[in-house]
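# Summary of the model geometry
Chain by chain, the residues run as shown.
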Amino acid sequence: MTYQRRVIEHAGYNAWISVMLTGIIMHLLIWMLYKILSSIEDSNDIVTINHKLFGKLLGNLINLAIVLYFVFGAFVKFKVYMEMIQVWLFPSMNFLPVSIVIALLVYYAVSGGIRSVTGISVWATIISLVSIIPQISLTFPFLHPMNLLPLLNHSASDILLSSKDMAFEYLGVETLLFLYPFVRTPEKSQKWAHFIMLLVTLLYLMILILAFMFFTEEQLRHTIWPTLNMIGIFEVPLLQRLEYMAISLWFIKIIAGISIFIWAACRGMKVAFHLRPRLSLIVFLTAITALCHFIIDHRTVERVSEIYSNIGVYFLYAYIPFVFLCVMIRKKLIKPI
Amino acid sequence: MELRSRTFLIIVLSMLLTACGDTNIVNSIKFVQTIGYDAAQNGVTSSAVIANYEEQGKSKLEFYVTESKSVYDSMPKLNMKLDFPIEYGQLRMALFGDSFARNGITTAIESLIRDPKISSRVHLGVADRAALELLNIGENRRDPYFLSDMIEQNMKYGNLPMMNLHLTFFNYYGTGRDFFLPHFTVERDEIKLDGIALFKGDKFKTKIGIRDSFLLKMLLEDSKNGSIMVPMTSADQTRAEYFLMNSIHSKPNYKVIRTGYPASVAIHVKLNAQVKDVPQWIDLTSEDQIALLEKSIEVYCESEIQKFISLCKRNNVDPLGLGDLFRSKSKEWNSQEFEEHYNALATTVHVNARIIRTGAGG
C-alpha cells in the first residue's frame, strides 16, 4: 500500500529495477525453501528441522523467535490498516470495539483451520488481480511516461538499498515453512509457487510504474498512501470517492494476511510446544488488540513497521540461507554413511 | 449446529463492522463548496460559500467570512460563526485573491492536500481582485458550484488545459515544472474566465490571455474543442481579416536537440482543425483557398507559440515543463543550472495544420 514511497527513498525513480531485483531474489529464496523442506526425511516443517539441526533447546528457542516474528507481522499488518481507516474514513472513532470485532473475525477464520485461511487468501488474490485493471485504465489520462527517464541515474548501491526496502512487501513467503506439510503434491506446487511469485512481482512492478508516471518524484515523497491518492482522482458515476471503496475492499486482503500469519504462529506453537492452537490463538489476538490500543501515533507505527521490516529482511536473507546451508551440509555428511 | 452457529457469528460480525463509525447526517453539517482566501493585514481572510439545502432542488447560498492568522486556523474560526460543524468533503473550488496568490499559496494548497476528505479533483483559481469580492458576485447565481463547473466545462469544450489540485501538485513538486491556474475577472457584474495565471514556485507571476491559454493547451495535450481567431491578409492586402479556427485534435511532440547549454528543443505540433467562419471572399470548396488557410494557421501559431515561450522565459516560468523534459534526457541535469540558462534556451516550433472539416455550408 505504501511501498511506492518507501522504495524511492534511495533509488528514486530507478526503483523499478530494485523491484525486479527483489523479485529475482525471492525466486531464489523459494527454491531454497523447497530444498530445505524436502531434503530431510520425515521432518518437513521448520520446527522439526530446527530440532534436528540445532538440538531440542536451541531449536525451540529459534522456533519461539519465529512464532513471535509471525505474531509481530500480523500486528504490523493490523495496525497499519487500522491507521489507514483512522485517517481516511473515521478520524474520531473509538477503535477498541472495531479491533475487537476484527480480532473475532480473524479468530473465526483461523479456528476454521488451514482450509478457511487459504479460502480467504484466494479471494484476496483475486481482488488484487482484478483491481489493477480499473487502476490502469482510469489513471491513463494523468500518466507522464517522461517521469521514468532517464533510465539509469542512480548508483548500484542505491538500487540495492531500495531492493532491501522492497523485501518488506514480499514478507509472507516464509509462511511456507509451516504450510509445506499441508501441500498435497509438493513437487508440483513448486512450479506454482514460482509462478505466483512472478505474478506478484509483475503486479508490484505495474503498480509502481503507474505511481511513478502519476506522481513526480518529490510529490510521491510527500504522499503517504500513493495508491489511495491515485484512486482518489477517478470519477465514476454514483460514487464520487472511489478510495473509500478501495479501503473497504482491502479489508479482505488484510484479514487474509493476518489470518495466515496467526495461523502459522499457532501451528508453530502446537508443533514445538504441544500447545492447543485455540489457546495460543486467543493469547495472540488479545495481545495484538491490546498493543493496537496502546500504540496510537503514526511515528511509533512507522518505527514499529521499520523494525519488523528489518527483522524480516534478516530472516529472509540471513536465516533462510543459513538453514539452507546447514541442511545441505547435513545431507552431504549423512549420505556416505 | 456447528455450521449454523458459525454462520450466525459471521453475519453478526459483519453487521457490527458496518454499523460503527462517526455518522454525519446531511442536515446537521455545513458543506463548504467553495472557499476563498485573501491576504489581510497580518493574516488571511477566508470566505466560505455554503449551500443550505432547504427544499429539494433548491439551495440558498450562505456566505461566511472570517479573519485568521493563517490558513490553518480558518476552519476553527469559521466554526465560531456556524450552527453546525463544517465539513470539507464536498469542496470543489478554492479561489485565491490576487495579493494572496502573489505572496505564495503553498500553505493553502498543502493544507488542502493533507486533508484526506478533500478530493484531489478540487479546482483552484486566481481572481484579479479580492476573492471575497468575486465570490460575492457568484452568489447571485444560486449555484455553489458555479466556478468549478465553469472551469470544468472550459477544460472540456474550451481553451483551458487540464488543471486540478493533483496536477497542481504534480507541477509544484515536479522538478523543472511550474504550475498554472485559471484566472478570473469581473465583467459587467458577471464572472469571466479571462486566461491563465502562471506561477513561479508558489507565487503568482504573470497572467496570460485566453488565446495564449489555447497555445498552452496545444503544447501540453490534445487541444480538442479549443478555438482561436487567426488573422489573414484580405484579398486586396489592405486590412487584416480574421477567421475562427476550432481544434479537433492536436498532438505536441518535443525533440531535444541539445542537452548541453545553451540547450535547444524542437517542438512539433500536429493540428487537425475545423474552419467554418471565414471572410466572405474565401471559398471553402476550393483546394487552394483551404491550403491558404492552413498556411495562415501554421504561420500564426508558430509565431504566437514563439512569443508565448519568450514570455515564459522573460518571466522565468516554465509551465510547459521544459526543464523536466531536459531532466529526462540527461543524467547530470540540475534544476538550478537549467534555470540560469533558461533564458538562452533555443526553441524551434513547427506547426503542421490540416483543415479536415469546413462545416455544412459551401
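Residues numbered from 1 in each chain as written. Chains lettered and ligands numbered in written order. Predicted model: local features only at pLDDT ≥ 70, side-chain atom pairs only at ≥ 80, totals over all residues. Heavy atoms only, no water.

Going by what an unreviewed UniProt entry lists, chain B is known as Germination protein, Ger(X)C family and is assigned to Paenibacillus catalpae. Under the UniProt heading Subcellular location (unreviewed entry), the entry covering chain B gives this text: "Membrane". Regarding chain B, the UniProt comment filed under Sequence similarities (unreviewed entry) reads as follows: "Belongs to the GerABKC lipoprotein family." (UniProt positions renumbered as here; feature names shortened; annotations may be inferred.)

It is worth spelling out the pairing of strand β6 (residues 123-127) of chain B at this point. Residues and elements named next belong to chain B. When you tally the buried positions in β6, you get five out of five residues, the bulk of the element. Bridging between strand β5 (residues 93-96) and β6 involves four bridges; their strand directions are parallel. Each residue of the ladder has a partner; that of Leu95, found in β6, is Gly125. Of the strand pairs in this sheet, β6 and strand β7 (residues 180-187) are connected by two bridges, and their pairing is parallel. By the bridge assignment, Ala127 is partnered in β7 with Phe184. (Buried < 20%, exposed > 50% of the residue type's maximum accessible area, 1.4 Å probe, protein only. Helix = DSSP H or I, 4+ residues; strand = E, 2+ residues; numbered from the N terminus. Pairing = 2+ DSSP bridges.)

What follows covers empty space enclosed by the protein. It is the rolling of a water-molecule-sized probe over the atoms that shows where space remains empty. Residues and elements named next belong to chain B. Overall, the coordinates contain two cavities of 30 Å³ or more when judged by the stated rule. Considered as a void within the structure, the second largest cavity measures approximately 30 Å³ in volume. Around the second largest cavity, the lining residues are Met162, Met163, Asn164, Leu167, Thr168, Asn171, Phe179 and Phe180. Among the elements that line the lining of the second largest cavity, the one with the most residues is helix α7 (residues 165-173), at three residues. Per-class residue counts for the lining of the second largest cavity are five nonpolar, three polar and no charged. (1 Å grid on protein atoms, 1.4 Å probe; cavity = no way out; pocket = protein on both sides within 12 Å on 5 of 7 lines; lining within 4 Å. Points joined across faces, edges and corners; volume = space filled by probe spheres on them. Nonpolar A, V, L, I, M, F, W, Y, C, P; charged D, E, K, R; others polar.)

A separate point is the domain arrangement of chain B. All names here are of chain B. Structurally, chain B comprises domain 1 (28-208) and domain 2 (224-362). A C-alpha centroid distance of 31 Å is found between domain 1 and domain 2. Here domain 1 packs against domain 2, burying approximately 1300 Å² in sum over the two surfaces, 52% of which is carbon and sulfur. It is Thr175, Gly176 and Lys200 that lose the most area in domain 1 upon contact with domain 2, and together they represent 30% of the buried surface on that side. Run the count over domain 1 and domain 2 and you get two salt bridges. Among the salt bridges present, the one from Glu339 reaches Lys200, with a minimum N-O distance of 3.3 Å. In this structure, the connection of domain 1 to domain 2 is made through eight residue pairs in polar contact (both at pLDDT 80 or more). When contributions to the side of domain 1 that touches domain 2 are tallied by element, the ones reaching two or more residues are α6 (146-157), β8 (190-200) and β9 (203-208). Looking at the side of domain 1 that touches domain 2 residue by residue, the class counts come to five nonpolar, five polar and five charged. (Domains from an automatic or database assignment. Buried area = accessible area lost by both parts, 1.4 Å probe. Salt bridge = Lys/Arg side-chain N within 4 Å of Asp/Glu carboxyl O. Polar contact = N/O pair within 3.5 Å; in protein donor to acceptor, adjacent residues only side chain to side chain.)

Along the chain, B:Gln274 turns up in strand β12 (residues 264-275). Discounting chain neighbours no more than four positions away, the residues touching B:Gln274 are B:Leu244, B:Met245, B:Asn246, B:Ile248 and B:Arg357. (Contact = heavy atoms within 4.5 Å.)

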